[in-house]
Structure formats: C-alpha cells, structure tokens
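Examination of the molecular architecture
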Amino acid sequence: MFSAFSTIGHDSVQAHTPIDTAVKRLDGIGHVLSGLDISAIRTQADVNRTLWTLDAANKCVRAVLAEFRTQPATDQLVRKSRNLIDLIERARDQVLSFRVLARS
C-alpha cells in the first residue's frame, strides 16, 4: 500500500524552504510506512504493532502539518499530508478487518 513511497530519493531532496523541510519529513514518514507488510500479519502481536505504527505515523503527519500550517504555499504540504493520512486510514481499516476475521 505504501510502496509508492519506497522509491523516493531522500538524499536528493534538499530543504531550502520551510515547506521543503516539511515535505522531506512527510517523505520520511512515507518511507517508514513503505516497510509495512500488512499481508505478513499472522498474530495479534503483529496486529497491535502495525496499528501502533500506523497511529504513530498519523500523529507525525498531523504534527508536521500543524507545525508548517502558517507557511505560504502550503497546498503541496496539505495535499501530501492528506494523501498519507488517507493511506494510513485505509491500511488501518485493513488491519482492523484482519483482526475481526482472525477472531471469527
């Protein structure tokens, strides 16, 4: 689900403006999320760990958005943040449905 973020060249993104810094942080969050493999969830501990990771990532995205909200030209930042939050919510829904299926 997050594999689109694994191809980002993190070293190539130079932070020249506050928005560049925010985008670089969001790219880093996406990079971490690209390592999640929901299909590899086998145990309740896997479910819990994945949900914790998704919740932490969601909080980080929102913190970046809040920190840079007053900066000019935030359309790119809002768009990238919204995309990450949407992906996190979809992944969370998948993990929660896995937990429901696993208990059935």
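Residues numbered from 1 in each chain as written. Predicted model: local features only at pLDDT ≥ 70, side-chain atom pairs only at ≥ 80, totals over all residues. Heavy atoms only, no water.

**A word on the confidence of the model for the protein**
- Per-residue pLDDT for the protein averages 82, and the proportion of residues at 70 or more is 79%.
- Averaged over each element, pLDDT in the protein is lowest for helix α3 (residues 75–103) (85) and highest for helix α2 (residues 44–68) (93).
- Low confidence marks residues 4–13, where pLDDT is under 50. Its contacts with residues over four positions away, or in another chain, come to 16 contacts. (pLDDT = per-residue confidence, 0-100. Helix = DSSP H or I, 4+ residues; strand = E, 2+ residues; numbered from the N terminus. Contact = heavy atoms within 4.5 Å.)

**With respect to the side chain of serine 81**
- Along the polypeptide, serine 81 turns up in helix α3.
- One polar contact links the side chain of serine 81 to the main-chain carbonyl oxygen of leucine 77, over a distance of 2.8 Å.
- With residues near it in sequence (within four places) discarded, serine 81 still touches Leu26, Val61 and Leu65. (Polar contact = N/O pair within 3.5 Å; in protein donor to acceptor, adjacent residues only side chain to side chain.)

**Section: the pattern of salt bridges**
- If you walk through the whole model with that rule in mind, you get seven salt bridges.
- The salt bridge partner of glutamate 67 is arginine 25, with a shortest N-O separation of 2.9 Å. A residue pair is termed long-range when its members are at least 10 positions apart, and glutamate 67 in helix α2 and arginine 25 in helix α1 (residues 18–33) qualify at 42 residues.
- Between glutamate 89 and arginine 62 there is a salt bridge, with the nearest N and O atoms lying 3.9 Å from each other. Highlighted residues: glutamate 89 in helix α3 and arginine 62 in helix α2, separated in sequence by 27 residues.
- For glutamate 89, a relative accessible area of 36% gives the class partly exposed.
- A single network of salt bridges, built from pairs that share partners, joins Arg62, Arg82, Asp86 and Glu89. (Salt bridge = Lys/Arg side-chain N within 4 Å of Asp/Glu carboxyl O. Buried < 20%, exposed > 50% of the residue type's maximum accessible area, 1.4 Å probe, protein only.)

**Some words on the nonpolar core**
- Leu26, Ile29, Leu33, Val61, Val64, Leu77 and Val95 are the most contacted members of the largest nonpolar core, which totals 22 residues.
- For this core, the elements supplying multiple residues, two or more each, are α1, α2 and α3.
- With eight residues, α2 is the single largest residue contributor to this core.
- Beyond its immediate stretch of four places on either side in the chain, valine 64 contacts Ala22, Arg25, Leu26, Ile29 and Leu77. (Core = buried A, V, L, I, M, F, W, Y, C linked by side-chain atoms within 4.5 Å.)

**Things to note about the side chain of asparagine 58**
- Relative to the helices and strands, asparagine 58 resides in helix α2.
- Looking at asparagine 58, the relative accessible area reads 18%, which means it is buried.
- Discounting chain neighbours no more than four positions away, the residues touching asparagine 58 are Ile85 and Ile88.

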